[in-house]
Amino acid sequence: MTTTTSPRVLEHPARDQIRLEEVLHALSDAVRLRIVRDLAREETELACSSFDLPVTKSTTTHHFRVLRESGVIQQMYQGTAKLNCLRRSDLDALFPGLLDSVLAAAGAQADRAGEAD
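The structure presented is a predicted model; accordingly, all values stated were derived computationally and were not measured.

Draft legend 1. Local environment of the overall build of the protein chain. Each helix and strand counted, the protein chain has five helices and three strands in total. On the principal axes, the C-alpha backbone points of the protein chain span a range of 60 × 30 × 20 Å. Within the span of the protein chain, comprising 117 residues, buried residues form 38% of the whole. Taking the contacts inside the protein chain whose residues are at least 6 apart along the sequence as the reference set, 66% of them involve residues at least 24 apart. By element, 50% of the accessible surface of the protein chain is carried by carbon and sulfur atoms, the whole surface being about 7400 Å². Distance between charge centroids for the protein chain: 4 Å, based on 14 positive and 17 negative side chains.

Draft legend 2. Structural view of the packing of helix α2 (residues 30-42) against helix α3 (residues 57-70). Two elements in contact, α2 and α3, have axes separated by 10 Å at closest approach and are oriented at 70 degrees. Here α2 is positioned roughly perpendicular relative to α3, judged by the angle of their axes. The way α2 lies across α3 gives a crossing that is right-handed. Residue-level contacts link V31, R32, I35 and V36 of α2 to H62, H63, F64, V66 and L67 of α3. In terms of residue class, the contact of α2 with α3 is made up of six nonpolar, two polar and one charged.

Draft legend 3. The arrangement of the packing of α2 against helix α5 (residues 98-113) in detail. One can describe the packing of α2 onto α5 by two numbers: an axis separation of 11 Å at closest approach and a directional angle of 105 degrees. Here α2 is positioned roughly perpendicular relative to α5, judged by the angle of their axes. Where α2 approaches α5, its residues L33, V36, R37 and A40 are matched on the opposing element by L99, V102, L103, A106, G107 and A110. By residue class, the composition of the contact of α2 with α5 is eight nonpolar, one polar and one charged.

Draft legend 4. View of the packing of aromatic side chains. The full count for this structure, using the stated rule, is one aromatic pair. Relative to F64, the ring of F51 lies with its centre 5.3 Å away and its plane at 65 degrees, an arrangement referred to as edge-to-face. Pair noted here: F51 is in the loop between β1 (46-47) and α3 and F64 is in helix α3, with a separation of 13 residues, a long-range link. We note that F51, like F64, is buried.

Draft legend 5. Inspection of α3 at higher detail. Given a rise of 1.5 Å per residue, 14 residues ought to cover 20 Å, and the 20 Å separating the end C-alpha atoms of α3 matches this to within 8%. Of the positions making up α3, those classed as buried are T60, H63, F64, V66, L67, R68 and S70. Buried residues belonging to α3 abut α1 (20-27), α2, β2 (73-78) and β3 (81-86).

Draft legend 6. Quick peek at the sheet that holds β1. A sheet is described by the order of its strands in space; here three strands give the open sequence β1-β3-β2, paired in antiparallel fashion. Edge positions in the open sheet fall to β1 and β2, since each of these has one partner strand only. The sheet contacts of α2 involve β1, β2 and β3, and relative to β3 the element is tilted by about 80 degrees. Strands in contact with α3 are β2 and β3; relative to β2, the strand with the most contacts, it is inclined by about 115 degrees.

Scoring rules and cut-offs
- Residues numbered from 1 in each chain as written.
- Predicted model: local features only at pLDDT ≥ 70, side-chain atom pairs only at ≥ 80, totals over all residues.
- Heavy atoms only, no water.
- Helix = DSSP H or I, 4+ residues; strand = E, 2+ residues; numbered from the N terminus.
- Buried < 20%, exposed > 50% of the residue type's maximum accessible area, 1.4 Å probe, protein only.
- Contact = heavy atoms within 4.5 Å.
- Areas by Shrake-Rupley, 256 points an atom, 1.4 Å probe, with all protein chains shown as cover.
- Lys, Arg positive; Asp, Glu negative; His and termini not counted.
- Charge placed at Lys NZ, Arg CZ, Asp CG, Glu CD.
- Axes fitted to C-alpha atoms, helices over the stretch in contact; angles between N-to-C directions.
- Parallel < 35°, antiparallel > 145°, perpendicular 65-115°, else oblique.
- Left-handed = near helix turned anticlockwise from the far one by under 90°.
- Nonpolar A, V, L, I, M, F, W, Y, C, P; charged D, E, K, R; others polar.
- Phe/Tyr/Trp six-rings, centres within 6.5 Å; stacked < 30°, edge-to-face > 60°.
- Expected span 1.5 Å × (residues − 1).
- Pairing = 2+ DSSP bridges.

See the structure below:
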C-alpha cells in the first residue's frame, strides 16, 4: 500500500488581510529588519539556514513567524528546507513606497553605524 503525504503548507495572510500596523510591528525589530534587508538585497528565495543571525534557533524561528504572519514574507517548504521570499508586490500594492523607504532608512542607519551590509 502506498501512502502519499501532502506537502507542508504554512498559513499566510491574503493580500487584503495584511494590516499596516502588523507590517510596521514586524519591521520594528532589528533582527527582522535584517532578514528583510537580506531578502530585498538578494531578490530570491533564501533558506532560513542562509541567515547568520545573532540569536538562537528558536528565536530565529519566532522572527520568521512574525514576518510571515504579518504578510511581509512568504515561506514555503522545498524538501526539508524552508524558503523565504519578500512579498514585495503585495506590500508595494498596499503601501506604496513603504518598503523602499524603510529599506533606505535602514541602509542609511547601518552606514552611520559602520555596519556591513
